[in-house]
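Coordinate analysis (summary)
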Amino acid sequence: MIPCKQNCPHYQEGCHKTCASWKTYQAKSRIERQQKQSYLQYYNQLCQTIIRQCRQSAQRG
């Protein structure tokens, strides 16, 4: 569903294909998704490192 459909006074069927506001919204959403993905990848790698260190420590002791 197009988020601007209910709030935009200029909405017409298919207008999102040429709408500058929609393109700005899409670009902002894309950046937010990339930032979230980077955040998750960073902490996933961090957790994997900690788990690996804990397992190595448990095997030694």
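Reading the values: rules and limits
Residues numbered from 1 in each chain as written. Predicted model: local features only at pLDDT ≥ 70, side-chain atom pairs only at ≥ 80, totals over all residues. Heavy atoms only, no water. Helix = DSSP H or I, 4+ residues; strand = E, 2+ residues; numbered from the N terminus. Rg over C-alpha atoms; globule rule 2.2 N^0.38 Å. Buried < 20%, exposed > 50% of the residue type's maximum accessible area, 1.4 Å probe, protein only. Areas by Shrake-Rupley, 256 points an atom, 1.4 Å probe, with all protein chains shown as cover. Phe/Tyr/Trp six-rings, centres within 6.5 Å; stacked < 30°, edge-to-face > 60°.

Let us now look at the overall build of the chain. Secondary structure assignment for the chain yields one helix and zero strands. Its C-alpha atoms give the chain a radius of gyration of 22 Å, clearly above 10 Å, the size a compact globule of 61 residues would have. When its C-alpha atoms are laid out on the principal axes, the chain stretches across 70 × 15 × 15 Å. Across the 61 residues that make up the chain, the buried fraction comes to 8%. Working note: accessible area of the chain is about 5,800 Å², and carbon and sulfur atoms make up 51% of it.

Tallied over the full model, the rule gives three aromatic pairs. Summarising the aromatic geometry, the rings of Tyr 39 and Tyr 43 are spaced 4.8 Å apart at their centres and angled 55° between planes, so their arrangement reads as tilted. Pair noted here: Tyr 39 and Tyr 43 are both in helix 1 (residues 20–60), with a separation of four residues, about one helical turn. Exposure remark for Tyr 43: the relative accessible area of 38% places this residue in the partly exposed category. By way of ring pairs, the aromatic residues Tyr 39, Tyr 42 and Tyr 43 are connected into one cluster.

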